[in-house]
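Structure assessment
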Amino acid sequence: MNIPAIELMTALRSGQSTSPRLTWYGPDAERVELSGRVLDNWVAKTSNLLQDELDAEPGTRLRLDLPAHWKSVILALGAWQLGMEVVLDAADADLLATAEPGPAAAEEAFDAVIAVALPALAMRWQGALSSGVVDYAAEVRSHGDVFMPHVEPEAVRRAVRGPGGAVHTHGELLDGFAAAHEDGLRLLVHAGDGLAAALAESLGAWKSDGSVVLVHPDVSVTERLLSDERVHGL
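What comes next is a walk through the structure. The residue numbers shown here count from 1 along each chain, following its written sequence. Local features in this predicted model are restricted to residues of pLDDT 70 or higher, and side-chain atom pairs are both shown and tallied only at a pLDDT of 80 or more, whereas totals for entire chains, interfaces and linings draw on every residue. Values shown for side chains rest on all heavy atoms present in the structure; no hydrogens or waters enter the calculation.

Our focus in this paragraph is the packing of helix H3 (residues 70-82) against helix H7 (residues 195-207). H7 packs onto H3 with a crossing angle of 65 degrees between their chain directions and a minimal axis gap of 11 Å. Classified by the interaxial angle, the pair formed by H3 and H7 is roughly perpendicular. H3 and H7 meet at a crossing whose hand is right-handed. Taken together, the residues of H7 that come into contact with H3 (itself represented by Ser72, Val73, Ala76, Leu77 and Trp80) are Leu195, Leu199, Leu203 and Trp206. To obtain each axis, a line is fitted to C-alpha atoms, and for helices this fit is confined to the stretch in contact; angles are then taken between N-to-C directions over 0 to 180 degrees. Helix and strand definitions follow DSSP, with helices as H or I runs of at least four residues and strands as E runs of at least two, each counted in order from the N terminus. Every angle not falling under 35 degrees, over 145, or within 65 to 115 is termed oblique; those three ranges are roughly parallel, roughly antiparallel and roughly perpendicular. Here a crossing is taken to be left-handed if its near helix is turned anticlockwise relative to the far helix by less than a right angle, and right-handed if that turn runs clockwise. Contacts are assigned to residue pairs with any non-hydrogen atoms lying within 4.5 Å of each other.

By size, the foremost hydrophobic cluster in this structure holds 64 residues, and its most contacted members are Leu39, Leu64, Leu77 and Trp80. For this core, the element with the most residues is H3, which contributes nine residues. Note on terminology: a nonpolar core comprises buried Ala, Val, Leu, Ile, Met, Phe, Trp, Tyr and Cys residues joined through side-chain atoms within 4.5 Å. Relative accessibility under 20% of the residue-type maximum defines a buried residue, over 50% an exposed one, and the middle range a partly exposed one, all with a 1.4 Å probe and only protein chains included.

The next thing to look at is the sheet that holds strand S1 (residues 20-26). Spatially, S2-S1-S11-S10 is the arrangement adopted by the four strands of the open sheet, whose pairing is mixed. The outermost strands of the open sheet, each flanked by one partner alone, are strand S2 (30-35) and strand S10 (186-190). Along the sheet, successive strands turn relative to each other by an average axial angle of 15 degrees, direction set aside. The pairing of S1 with S2 spans six bridges and is classified as antiparallel. For proline 20, the partnering residue across the bridge sits in S2 and is serine 35. Docked against the sheet, helix H2 (residues 36-54) engages S1 and S2, running at close to 95 degrees with respect to S2. Pairing between two strands requires that DSSP report at least two bridges joining them.

Turning next to the environment of leucine 129. Among the secondary structure elements, leucine 129 is positioned in the loop between strand S6 (112-115) and strand S7 (134-135). Of the residues examined, leucine 129 reaches a relative accessible area of 27% and is grouped as partly exposed. When the C-alpha atoms of leucine 129 and proline 103 are compared, they prove to be 9.7 Å apart, with 26 residues separating the residues in sequence. Not counting the four nearest positions on each side in its chain, leucine 129 is found in contact with Pro101, Ala115 and Asp135.

Quick look at unusual backbone geometry now. With phi around 60 degrees, alanine 29 is a residue other than glycine that occupies positive phi space. With respect to the helices, strands and loops of the structure, alanine 29 is situated in the loop between S1 and S2. The backbone of arginine 230 shows a phi angle near 55 degrees, a positive value even though the residue is not glycine. Turning to its location among the elements, arginine 230 is positioned in the segment after helix H8 (223-228).

The strand order across the open sheet formed by seven strands is S7-S6-S5-S3-S4-S8-S9, and the pairing between neighbours is mixed. Each edge of the open sheet is held by one strand with a lone partner, namely S7 and strand S9 (167-169). For S6 and S7, the ladder comprises two bridges, and the chain directions are parallel. Note that in S7 the partner of alanine 115 across the bridge is aspartate 135.

This brings us to the packing of H2 against H3. At their nearest, the axes of H2 and H3 sit 8 Å apart, and the two run at 60 degrees to each other. With respect to their mutual orientation, H2 and H3 come out oblique. Along this stretch, H2 crosses H3, giving a crossing that reads as right-handed. Facing Leu39, Trp42, Val43, Ala44, Thr46, Ser47, Leu50 and Gln51 of H2, the residues of H3 in contact are Trp70, Ile74, Leu75, Leu77, Gly78, Ala79, Gln81 and Leu82. Under this grouping Gly is polar, as are all residues other than the nonpolar Ala, Val, Leu, Ile, Met, Phe, Trp, Tyr, Cys and Pro and the charged Asp, Glu, Lys and Arg. Of the residues belonging to the contact of H2 with H3, the class tally is 11 nonpolar, five polar and no charged.

This is the structure we're talking about:
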């Protein structure tokens, strides 16, 4: 049985697949634009990395110790497509994805730590990583563009644990966790509102066949930006 995350990715790669679905504005004049097809490719590669390299399966818990960022969104979608639980607070988890994979992260009881380099053009982590830490930027590109789960995910399993401990199952992901939005909007999402809000807003926009402009707190949201991106949802 397909879970909502799988159905969402099918829709994003099928309908208007070359249209922008996720646009990121970051520091140092970063702008990353992902069409539905490219977004799906990144998510498939991430699901395959989690499944094939880290032995993740439905029910495996992934803590995202990350800011709202286009790579954080990709990791969440990749985990959900696999049937995993995304943990957005400090609760126990099996895997950790973090932009700060230092000694403190290594000391916690995770099966694996994923180092996520946030600069848009980073091809690998800059600097040394502890033994066993997975370099997301360096490893994800080698994985396949099509994802096939080894174990069928189940809608009754947990999909997300929010910052306040609120839990939603996979069956509730698009109808309980996702924000409600009008059809086809181009939605501005402020990264400064946090990762949980960014994920809920993005899921809601995509569910309604819309797209997302995710903006880092250091980037000024000018009239020029809104006009250039044709934003019509704030």
